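Residues per chain, in single letters:
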Amino acid sequence: MRILALESSCDETAAAVVEDGRTVLSNVVASQVEEHRLYGGVVPEIASRRHCEAVCGVTREALAQAGMALHDVDALAVTAAPGLIGALLVGVSYMKGLALAAKKPLVPVHHLRSHIAANYITFPDLEPPFLCLVVSGGHSHIIEVKSWTDLHVIGRTRDDAAGEAFDKAARAMGMPYPGGVEMDRVAETGNDKAFSLPRPSVDGAPYDFSFSGLKTAVINLLHNAAQRGETVHIPDLAASYRRAVVECLTRSFLLAARDTGAKTLVIAGGVSANRLLRRELEAACKERELRFCRPDLSLCGDNAAMVGSQAYFEYQAGSRATMALNARASMDIAASF
Ligand code: KG4
Ligand code: ZN
């Protein structure tokens, strides 16, 4: 079964054709990041406008690269929640129109479910159940993936998402948006023991995260140094901060893995590209004789191939959108459309 999928939840307009949830026939991503960088973060109004401009071309290109016309695909899929509401609405409206015109079924997809599905492409034999750490710019969740469409959040951030924590601290260190990517690169050359930073935890909720105190500690450190006229060695600070964030993530995730008896650990979302996170979990899983899966680097950030993958399993489970489908800025990962 071939699915034409569209993603427009944040600052990437992306379209892809995916076969049977596992094989990517085309994967086109038009990123707006250069424009948002001017403002130090995503400007929602600009994002919506750029999606409007890009959506037709990106969809046509995905079909062309797959060597197909619209009538060759069996179904359409679109990210319908969560995300920037204006950005989501562009994709949802466009795909509703296309589904109506082409008389094809339309499958609505939850953005975080699709991030997890990036692993179904990278590991064609991966099947639920498994435990997943989803870490993106807007979310940090520990999720029990019981089946393709039965997912249960057992831990979440109480304040900033991991990607947000990286981006905000990176901005304070003078790095361009999205700072998480740059901080990861710079941190490779620094000493991660140079600065002693906290490892915040949430009382009584061992699977939850809290990053705002850690982020504030770094911002205060930089302000104090500036006031004293001292220079901070940024690679050392970046390395120490990255180590602190990654230790908070892995501590809760490994604890949840032990308590739930999970045999397979999976990571997903933009932050799953983080080099240290990948190395640490790879090593921890090897030591505990657990299977570790992470998306291919090309599938960690927002893309439509992952949407086409999850849509296949949602379709098998009977999910279909009507023309009443609406985009939602927030939505529980366990809920159905
Ligand atoms: O999943 P994603 O592409 O978009 C959302 O759904 O939010 O995640 C984007 C986030 C940004 O905060 C970005 O800084 C972060 O992922 N990110 C990274 C790395 N690559 C992307 N954070 C840390 N290390 C990386 N290598
Ligand atoms: Zn995302």
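See the structure above.
Residues numbered from 1 in each chain as written. Chains lettered and ligands numbered in written order. Predicted model: local features only at pLDDT ≥ 70, side-chain atom pairs only at ≥ 80, totals over all residues. Heavy atoms only, no water.

S.K.: Tell me about the side chain of Gln310, and please be specific about residues and values.
M.R.: As for its placement among the helices and strands, Gln310 is situated in helix α10 (residues 305–316). Judged by relative accessible area, which is 1%, Gln310 ranks as buried. Ignoring sequence-local partners within four residues, the contact set of Gln310 consists of Val109, Arg113, Ser114, Ala117, Tyr120, Trp148 and Thr149. (Helix = DSSP H or I, 4+ residues; strand = E, 2+ residues; numbered from the N terminus. Buried < 20%, exposed > 50% of the residue type's maximum accessible area, 1.4 Å probe, protein only. Contact = heavy atoms within 4.5 Å.)

S.K.: How would you sum up the coordination of the zinc ion (ligand 2)? Please name residues and give values.
M.R.: Looking at the metal site, the zinc ion (ligand 2) is ligated by His111 (NE2), His115 (NE2) and Asp302 (OD), spaced 2.0 to 2.1 Å from it. Among the residues examined, His115 registers a relative accessible area of 1% and is labelled buried. (Donors = N, O, S within 2.8 Å, 3.2 Å for Na, K, Ca; no water.)

S.K.: Tell me about the packing of aromatic side chains, and please be specific about residues and values.
M.R.: Any two aromatic rings considered together are summarised by their centre-to-centre distance and by the angle between their planes. According to the stated counting rule, one finds 7 aromatic pairs in the structure shown. Here the aromatic rings of Tyr120 and Trp148 are separated by 4.9 Å at their centres, their planes lie at 75°, and the arrangement is edge-to-face. Highlighted residues: Tyr120 in helix α4 (residues 111–122) and Trp148 in the loop between β7 (140–145) and β8 (151–156), separated in sequence by 28 residues. Residue classification places Tyr120 among the buried residues on the basis of a relative accessible area of 1%. Overall, Trp148 belongs to the partly exposed group, its relative accessible area being 23%. Relative to Phe313, the ring of Tyr120 has its centre 5.4 Å away and its plane inclined at 70°; by these criteria the two rings are edge-to-face. Here the residue Tyr120 occupies a position in helix α4, and Phe313 occupies one in helix α10, the gap between them amounting to 193 residues. Between Arg320 and the ring centre of Tyr315, over which it is positioned, the NZ or CZ distance is 3.5 Å. (Phe/Tyr/Trp six-rings, centres within 6.5 Å; stacked < 30°, edge-to-face > 60°. Lys NZ or Arg CZ within 6 Å of the ring centre and 35° of its normal.)

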